[in-house]
Amino acid sequence: MKNEAIIECVPNFSEGKDLAKVRQIVAAMRVDEVRLLDWSLDAAHNRSVVTIAGPGAAVVESAVRGAGKAAELVDLTGQSGVHPRIGAADVVPFIPVSGASLAECAVLARQAGLQIWRRFGVPVYFYGAAAARPDRVQLEDVRRGQFEGLREAVRKDAARRPDVGGPELHDTAGASAVGARSFLIAYNVHLHQPEISAARAIARDIRASNGGLHGVKAIGVLANGRAQVSMNITDFRVTPMRQVYATVSHLAQRHGVLIEDAELIGLIPEDAYEPDSEWVRQITDFDPESKVLERRLNSPIDWP
C-alpha cells in the first residue's frame, strides 16, 4: 500500500448511555499517526460511533485497541437499545479515502479481525468487501437474530459460526463484524409526531430491499420519544442525498406526518455535501467544517 494512503475506520460500539465508558474506549484508540475526526453517542440507540483516519497499519491498531476496551467495558447481557447489534464492538468497517483500494481495505479488515480474536478472545465475522462467504456480504445477514439470537444459533448451526474464533460468542462481548466498504452516510430523519407506524412504513417503502431507492437501508424506530427513520445510504453517487430527502418528504406527506428535523451520524464526503439544499438545512446545527470528512482531516479533534 502506498505511503500516502489514508484509510478511514468507523467503529460502532454498543454503548451510548455511559459517557465515561465511551470516553475510555475512544482514549484507548489513540495511536501515533491516527487522527480522531468525530465521536458521538446516542442513548436511545445505546450506541456510539467513532471516526478515525490515517495510514493503514496505524488505523488497524487503533481499531483493535478500541474493540479490546469495548470488550472489557460493555456487557451485552445487560445491554439493550433500538439498534441491532451482535457485539460490544459491533461493527468495524475500513474505508478507502485516498491512495488505497477497497481490496486493500479488505486485507486490513482481515488483519484487524485476526488481532481482535487473538488479543481479546472476541470472535469475528467478515462482511462487505472483506466477506469470506457470499452469505455474509450484507451486514444485516451477519447480525440476524442479534446477540441473543446469534448466541443460540452458533451452538446449533455450524453455518452461523464466526469466520475467526469461536465457535461460541464471547460471553459478554459477543462478536464483532469487521469489514471493508465504500463511504456510507448515516442519516436519520425525525417526524413531528411520535408515529412509529408511519416511520416504519416510510422505511419499508424507501429501502432498496423492498424496491425503494438504490443503496438505501432503513428502519423505523422510536428514539427519545420521537419517530425516526434511520437510514444508511451506501451509494450517494447513484442516490444523492437530495433524492433521499425528497423521497422521505413525499412519503411522510402520504402518511399524514411532517418532518421535524434530521441528523448525520459521523461524517460525509465532500462529494456528497450539497450546500443550501433542503436536506442540509434540516440538519440541526450543521457545520461543514466539522462534518465533511476532507475538511475534518485537515483539522482533527483532540483525543480524550
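Small disclaimer: the values here were computed from a predicted structure and weren't measured. (Residues numbered from 1 in each chain as written. Predicted model: local features only at pLDDT ≥ 70, side-chain atom pairs only at ≥ 80, totals over all residues. Heavy atoms only, no water.)

**Remarks on the sheet that holds strand S10 (residues 226–233)**
Here is the rule: Strand pairing requires that DSSP identify at least two bridges connecting the strands. A run of H or I in DSSP counts as a helix once it spans at least four residues, and a run of E counts as a strand once it spans at least two, with each numbered from the N terminus. Lines fitted to C-alpha atoms define the axes here, with helix axes fitted over just the stretch in contact, and angles between the N-to-C directions of these axes take values from 0 to 180 degrees. Only heavy atoms enter the contact rule, under which two residues are in contact if any of them lie within 4.5 Å.
Sheet architecture is open: four strands sit in the order S9-S10-S8-S11, paired in antiparallel fashion. The open sheet has two edge strands with one neighbour each: strand S9 (216–223) and strand S11 (259–265). Averaged over neighbouring strand pairs, the angle between their axes works out to 20° when direction is ignored. Relative to S11, strand S8 (residues 185–191) is paired through six bridges, and the arrangement is antiparallel. Of the residues in S11, the one forming a bridge with Asn-188 is Glu-263. Most of the contacts of helix H6 (residues 196–206) go to S9, to which it runs at about 175°, and overall it touches S8, S9 and S10. Contacting S8, S9, S10 and S11, helix H7 (residues 241–254) crosses the sheet at an angle of about 25° to S8.

**Things to note about the packing of helix H1 (residues 19–28) against helix H2 (residues 56–73)**
Here is the rule we go by: Roughly parallel covers angles under 35 degrees, roughly antiparallel covers those over 145, roughly perpendicular covers 65 to 115, and oblique covers all other angles. Crossing handedness is defined as follows: a turn of the near helix away from the far one that is anticlockwise and smaller than a right angle gives a left-handed crossing, while the clockwise case is right-handed. Throughout, the ten residues Ala, Val, Leu, Ile, Met, Phe, Trp, Tyr, Cys and Pro are labelled nonpolar, Asp, Glu, Lys and Arg are labelled charged, and all others, Gly among them, are labelled polar.
Axis separation between H1 and H2 bottoms out at 7 Å; the angle between their running directions is 150°. Relative to H2, H1 is oriented roughly antiparallel. In the packing of H1 onto H2, the handedness of the crossing is right-handed. In contact with Lys-21, Gln-24, Ile-25 and Ala-28 of H1, H2 contributes Arg-65, Gly-66, Lys-69, Ala-70 and Leu-73. Residue classes in the contact of H1 with H2 are distributed as four nonpolar, two polar and three charged.

**Overview of the nonpolar core**
Nonpolar side chains in soluble globular proteins tend to end up buried together. Keep this limit in mind: Take the buried Ala, Val, Leu, Ile, Met, Phe, Trp, Tyr and Cys residues and link them wherever side-chain atoms come within 4.5 Å; each set so joined is a nonpolar core. Categorising residues by exposure relies on relative accessible area from a 1.4 Å probe, with only protein chains included: less than 20% of the type maximum marks a residue as buried, more than 50% marks it as exposed, and the intermediate range marks it as partly exposed.
Counting 55 residues, the largest nonpolar core has Val-50, Ile-52, Phe-94, Tyr-125 and Val-178 as its most contacted members. With residues near it in sequence (within four places) discarded, Val-50 still touches Cys-9, Val-10, Pro-11, Phe-13, Val-26, Met-29, Leu-36, Asp-38 and Trp-39. Among the nonpolar cores identified, the runner-up in size contains 45 residues, and Ile-6, Ala-203, Ala-227 and Ala-262 belong to it.

**Concerning the pattern of salt bridges**
Threshold: A pair is scored as a salt bridge if a Lys or Arg side-chain nitrogen falls within 4 Å of a carboxyl oxygen belonging to Asp or Glu.
Per the counting criterion, the structure on display carries 20 salt bridges. Ionic pairing is found between Lys-217 and Glu-140, a salt bridge with its closest N-O pair at 3.0 Å. Taken together, the residues span a long stretch of sequence, with Lys-217 in strand S9 and Glu-140 in helix H4 (residues 139–142) at a distance of 77 residues. A salt bridge links Glu-274 to Arg-242; its shortest N-O distance comes to 2.2 Å. On the criterion of sequence distance, the pair formed by Glu-274 in the loop between S11 and helix H8 (278–281) and Arg-242 in helix H7 is long-range, its members being 32 residues apart. What emerges from the salt-bridge pattern is a single network uniting Arg-151, Glu-152, Arg-155 and Glu-168.

**Details of the side chain of Thr-51**
Along the polypeptide, Thr-51 turns up in strand S4 (residues 47–54). With relative accessibility at 1%, the residue Thr-51 sits in the buried group. What Thr-51 contacts, discounting residues up to four positions off in sequence, is Glu-8, Cys-9, Val-10, Arg-35, Leu-36, Leu-37, Asp-38, Gly-266 and Leu-267.

**Comments concerning the packing of aromatic side chains**
Heads up, the rule is: Each pair of aromatic rings taken from Phe, Tyr and Trp, with Trp reduced to its six-membered ring, is defined by centres within 6.5 Å and is described as stacked if the planes are under 30 degrees apart, edge-to-face if over 60, and tilted in the remaining cases. Charge over a ring is defined by NZ of Lys or CZ of Arg lying within 6 Å of the ring centre and within 35 degrees of the ring normal.
One pass over the full model with this rule turns up two aromatic pairs. Plain terms: the ring middles of Tyr-187 and Trp-279 are 6.1 Å apart, the flat faces sit at 85° to each other, and that makes the pair edge-to-face. On the criterion of sequence distance, the pair formed by Tyr-187 in strand S8 and Trp-279 in helix H8 is long-range, its members being 92 residues apart. Stacked on the ring of Phe-126, the Lys or Arg Arg-110 has its end atom at 5.1 Å from the ring centre.

**Description of unusual backbone geometry**
The step from Gly-166 to Pro-167 runs through a cis peptide bond, and the omega angle for that step is 10°. Among the structural elements, Pro-167 can be located in the loop between helix H5 (146–156) and strand S7 (176–180). One non-glycine residue with positive phi stands out, namely Asn-46, at about 50°. The topology assignment puts Asn-46 in the loop between strand S3 (35–42) and S4. Classification of Asn-46 by relative accessible area gives buried; the value is 5%. One non-glycine residue with positive phi stands out, namely Asp-285, at about 55°. Exposure remark for Asp-285: the relative accessible area of 74% places this residue in the exposed category.

**What about the pairing of strand S6 (residues 124–128)?**
By the criterion of burial, S6 is predominantly enclosed, with five of the five residues buried. When S6 meets S7, the two strands line up parallel, connected through five bridges. From the neighbouring strand, Tyr-127 faces S7, where its bridge partner is Gly-179.

Keep in mind that these numbers describe shape and distance, not what the molecule does.
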